[in-house]
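A closer look at the structure
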Amino acid sequence: MTDRPAGHPIRILVAKPGLDGHDRGAKVMARAFRDAGFEVIYTGLFQTPEMIASAALQEDVDVIGLSILSGAHMTLFPAIMDALKAVGRDDALVIAGGTIPATDQPAIKALGVAEVFGPGTRLQDAIEFVRAHAPVREDTA
Amino acid sequence: MTTSKPGLVAQVRAGRIPALARLLTHIENDTPVGRAAFDALYPDSGEAHLIGVTGPPGGGKSTLVNELIRAYRARGQRVAVVAVDPSSPLTGGATLGDRIRMNEWHADPDVFIRSMASRRFGGGLAENTLAVAHILDATGFDPVIVETVGTGQDEVEIARLALTTLLIQVPGLGDSIQTLKAGSLEIGDILVVNKADRPEAIGLIRDLHHMKALAESHPEGGWDPPVVKTSALKGEGIDNLIHAIAKHRAWLESSGELAERLRTIAGEEVAARVRSEWRRWAEGSEAGAELAAFIGRVADREVSPRQAASDILEQLTKPAR
Ligand SMILES: Nc1nc2c(ncn2[C@@H]2O[C@H](COP(=O)(O)OP(=O)(O)OP(=O)(O)O)[C@@H](O)[C@H]2O)c(=O)[nH]1
Ligand SMILES: [Mg+2]
């Protein structure tokens, strides 16, 4: 993979899908990514898969960080990945954080989610993962 | 010699949103692909009404822009928004949170919203914000609305770059002298008192009218910035605001000021480009040594600063670049 050129900060969408009203995790994630020097598009609570896909498309983000607390993750993730594919943004790196049980993680990764940062993981790990894996899209330079 | 990625410009011309979104990244990062595409598409711009929205942090700019989208969509217009938020001077990172107020348009193909980090460019904009706006204009969006970083009133670049600037004021930001800094009449073509659902708004509106009365009267046939009160939260006053914008547009056209402003904007952009080309050259590694040599000769009194500058300019313009 080629290096990211100077002057091309990583653009990352941080969204909180699901119907629960807890955005603390998403805000912590957004702040950590900002402090890591990323440009964070923060869309907040109650994001539907279509909203996430539309923002990923229009904002041309490299990475999508999903914060999920609700137990609905096994229905949300497939819907989000389908919506991204529908707008042609399944090339973005998708990562997830929140309360996702370890037993569900293989199934989620099989959908194309690159990494799951469950309870007990450090934000620094997520930052380093993004730095290492954010796609440098072929016509970026 | 660089050419645009095959088809990117053509795809953008054909209205393909994925290509547009991708191109805007190239424009924002000022890549060779972006530069070539900008040259190709710029002649197609100049049709859209470019509306600037500025005012204090948290004044309700994004919420108001969301209401403007609603109003223009109701009139059948395709609306684009460029929303700028500040970059951290320490890390260079940014949280771009304007879009959060405009989530409801996700299913509407005739609304396009793009967030930009200011990347430490001054004046409440990013360096390439206007170029992004031109591309959206060239793609057929009209109006194109630019939301600036929430600023104090001293650093407002947008007033010189937009056709109509909405200066948002809100009640309760301190005493009236603080709020009504001199100069707001020059910045705002329309003075918007948002959060007018708050009782203190009455005082602010009175103070604004008072300030206008004290200001030098505008020349015959000139533009008299109206005070429009809105509650973006409740969706009130928006029709009046749309009406004021249309009136300003009509005045720009009938007074000849439109052509004047378009020339001023073009002039500002050319000057800014020359500055950034210069910076790009000076910061480039090949130029570093050359520049240091020029500076050394000036410090040693071999040549004057003026002479060195004209030698540098000659160098800058000579080689085919
Ligand atoms: N009472 C009242 N609150 C409003 C109104 N318009 C916006 N707000 C609230 O003001 C807060 C800030 O609104 P934004 O639209 O994000 O303000 P902004 O000027 O875009 O903020 P920045 O981009 O961060 O500078 C939100 O909580 C809005 O709900 C209004 O007309 N009345
Ligand atoms: Mg805003």
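Right above here is the structure, for reference.
Residues numbered from 1 in each chain as written. Chains lettered and ligands numbered in written order. Predicted model: local features only at pLDDT ≥ 70, side-chain atom pairs only at ≥ 80, totals over all residues. Heavy atoms only, no water.

A closer look at the coordination of the magnesium ion (ligand 2)
All names here are of chain B. The cut-off we apply is this: Note that water is not among the atoms considered, so a metal site may appear incomplete; the donors listed are N, O and S atoms within 2.8 Å of the metal, with 3.2 Å applied to Na, K and Ca. Strands are runs of DSSP state E lasting at least 2 residues, helices are runs of H or I lasting at least 4, and numbering of each runs from the N terminus. Throughout, exposure labels follow a simple rule: accessible area from a 1.4 Å probe, protein chains only, divided by the maximum for the residue type, with under 20% read as buried, over 50% as exposed, and the rest as partly exposed.
Taken together, the protein donors to the magnesium ion (ligand 2) comprise S62 (OG), D98 (OD) and E147 (OE), at separations of 2.0 to 2.2 Å. The motif formed by the donor residues of the magnesium ion (ligand 2), counted along the single chain, is S-x35-D-x48-E. A residue pair is termed long-range when its members are at least 10 positions apart, and S62 in helix α4 (residues 61-74) and E147 in strand β5 (residues 144-147) qualify at 85 residues. Taken as a pair, S62 and E147 share a single burial class, namely buried.

So, unusual backbone geometry
All names here are of chain B. With omega at 10°, the peptide bond leading from D142 into P143 counts as cis. Structurally, the position occupied by P143 is in the loop between α5 (129-138) and β5. Located in the positive-phi region is R119, a residue other than glycine, with phi close to 50°. Counting through the fold element by element, R119 comes out in the loop between β4 (111-117) and α5.

A look at the interface of chain B and chain A
In plain terms, the rule: Any pair of residues with heavy atoms lying within 4.5 Å of one another is described as a contacting pair. Here the quantity called buried area is the accessible surface, traced with a 1.4 Å probe, that two parts lose on coming together, added over both. Whenever a carboxyl oxygen of Asp or Glu lies within 4 Å of a side-chain nitrogen of Lys or Arg, that contact is scored as a salt bridge.
Contacts between the two partners involve 30 residues from chain B and, on the opposite side, 29 residues from chain A. When the two sides are added together, the surface that chain B and chain A hide from each other amounts to roughly 2,500 Å², 48% of it contributed by carbon and sulfur. Of all residues in chain B, R22, R99 and H106 of chain B give up the largest surface area on contact with chain A, accounting jointly for 24% of the area buried on that side. In this structure, the connection of chain B to chain A is made through four salt bridges.

Considerations on the side chain of N194 of chain B
Residue and element names in this part refer to chain B. We count it as follows: Polar contacts, as used here, are pairs of N or O atoms within 3.5 Å; protein pairs need one atom able to donate a hydrogen and one able to accept it. Residues neighboring in sequence count only if both atoms are side-chain atoms.
Relative to the helices and strands, N194 is located in the loop between β7 (190-193) and α8 (201-214). Here the side chain of N194 touches G59 through a polar contact of 3.0 Å, landing on its backbone oxygen. At 3.0 Å, the side chain of N194 and the backbone nitrogen of A232 are in polar contact. Excluding residues that lie within four positions of it along the chain, N194 makes contacts with G59, G60, L64, I168, Q169, V170, P171, T230, S231 and A232.

A look at the packing of aromatic side chains
Put simply, the rule reads: Aromatic pairing here means that ring centres of Phe, Tyr or Trp (its six-membered ring) are within 6.5 Å. Orientation follows from the plane angle: under 30 degrees is stacked, over 60 is edge-to-face, and everything else is tilted. For a ring to carry a charge above it, either NZ of a lysine or CZ of an arginine must fall within 6 Å of the ring centroid while also lying within 35 degrees of the normal to the ring plane.
Within this structure, the stated rule accounts for six aromatic pairs over all chains. Directly above the ring of F141 of chain B sits R78 of chain B, whose terminal nitrogen or CZ lies 4.1 Å from the centroid.

Topic: the packing of α4 of chain B against helix α9 (residues 238-255) of chain B
All names here are of chain B. To keep things clear, this is the line we draw: All axes here are fitted lines through C-alpha atoms, helices being fitted over the stretch that makes contact, and every angle between N-to-C directions spans 0 to 180 degrees. With respect to orientation, any angle under 35 degrees is reported as roughly parallel, any angle over 145 as roughly antiparallel, any angle of 65 to 115 as roughly perpendicular, and every other angle as oblique. For this scheme, ten residues count as nonpolar: Ala, Val, Leu, Ile, Met, Phe, Trp, Tyr, Cys and Pro. Four count as charged, namely Asp, Glu, Lys and Arg, and the remainder, Gly too, count as polar.
Here α4 crosses α9 at 75°, and the two axes come no closer than 10 Å. Between α4 and α9, the crossing angle belongs to the class labelled roughly perpendicular. Across from L64, E67, L68, A71 and Y72 in α4, the residues of α9 making contact are I238, L241, I242 and I245. The class makeup of the residues in the contact of α4 with α9 is eight nonpolar, no polar and one charged.

Here we look at the site of ligand 1
Residue and element names in this part refer to chain B. What counts is decided by this rule: The nearness test applies per residue and asks whether one of its heavy atoms lies within 4 Å of the molecule or strand. For accessible areas, the Shrake-Rupley method is used with a probe of radius 1.4 Å. Any residue's cover is judged against the shown protein chains and nothing else.
Neighbouring ligand 1 are 19 residues; K61, S62, T63, R101 and D197 lie closest to it. At a separation of 3.1 Å, an oxygen atom of ligand 1 approaches a polar side-chain atom of E147. Here a nitrogen atom of ligand 1 sits 2.7 Å away from a polar atom, N or O, in the side chain of D197. Taken by itself ligand 1 offers 650 Å² of open surface, and the protein chains cover 78% of this. Element by element, the count of residues in the shell around ligand 1 is highest for α4, at three residues. When the residues that make up the shell around ligand 1 are grouped by side-chain class, the tally is four nonpolar, eight polar and seven charged.

A word on the pairing of β4 of chain B
Residue and element names in this part refer to chain B. Put simply, the rule is: Two strands are said to pair when DSSP picks up at least two bridges between them.
By the criterion of burial, β4 is predominantly enclosed, with seven of the seven residues buried. Burial along β4 is two-sided: V111, I113, S115 and A117 facing one way and F112, R114 and M116 facing the other are all buried. Summarising the sheet, strand β2 (residues 79-85) and β4 pair through seven bridges and their orientation is parallel. Pairing of V81 across the sheet is with I113, part of β4.

What about the nonpolar core?
Residue and element names in this part refer to chain B. Rules: Residues enter a nonpolar core if they are buried and are Ala, Val, Leu, Ile, Met, Phe, Trp, Tyr or Cys, with the set joined through side-chain atoms within 4.5 Å.
Counting 53 residues, the largest nonpolar core has L20, L23, I135, L136 and V144 as its most contacted members. Ignoring anything within four residues of it in the chain, the contact list for V144 reads A48, H49, L50, I51, A80, A133, L136 and D137. Membership of the second largest hydrophobic core comes to 28 residues, among which are A83, I145, I168 and I238.

Overview of the sheet that holds strand β8 (residues 227-229) of chain B
Residues and elements named next belong to chain B. Pairing is parallel across the open sheet formed by seven strands, whose spatial order is β4-β2-β5-β1-β6-β7-β8. Strands at the two margins of the open sheet, each flanked by one partner only, are β4 and β8. Shown here is a sheet whose adjacent strand axes are inclined to one another by a mean of 20°, direction ignored. Sheet topology note: the β7/β8 ladder contains three bridges and is parallel. For V192, the partnering residue across the bridge sits in β8 and is V228. The sheet strands contacting α8 are β6 (164-169), β7 and β8, and the helix crosses β7 at an angle near 160°.

Focus: the sheet that holds strand β5 (residues 115-117) of chain A
What links the strands of a sheet is backbone hydrogen bonding, and the strands pair in either a parallel or an antiparallel sense. The six strands are arranged β5(A)-β4(A)-β3(A)-β1(A)-β2(A)-β3(B) in an open sheet whose pairing can be described as parallel. Sheet topology places β5 of chain A together with β3 (94-96) of chain B at the edges, where each strand pairs with a single neighbour. Along the sheet, successive strands turn relative to each other by an average axial angle of 25°, direction set aside. Here helix α5 (residues 123-133) of chain A sits on the sheet in contact with β3 (63-68), β4 (93-98) and β5 of chain A, set at roughly 175° to β4 of chain A.

Structural notes on the pattern of salt bridges
Considering all chains together, one arrives at 34 salt bridges over all chains under this definition. D23 of chain A is the partner of K27 of chain A in a salt bridge, and the nearest nitrogen-oxygen pair spans 3.4 Å. Ionic pairing is found between R261 of chain B and E257 of chain B, a salt bridge with its closest N-O pair at 3.5 Å. Separated by four residues within a single helix, R261 of chain B and E257 of chain B lie in helix α10 (residues 257-283), roughly one turn from each other. We classify E257 of chain B as partly exposed; its relative accessible area is 25%. The structure contains a network of salt bridges with shared partners spanning R11, E39 and E59 of chain A together with E28, R99 and R119 of chain B.

Everything listed is a geometric property; what it means functionally is a separate question.
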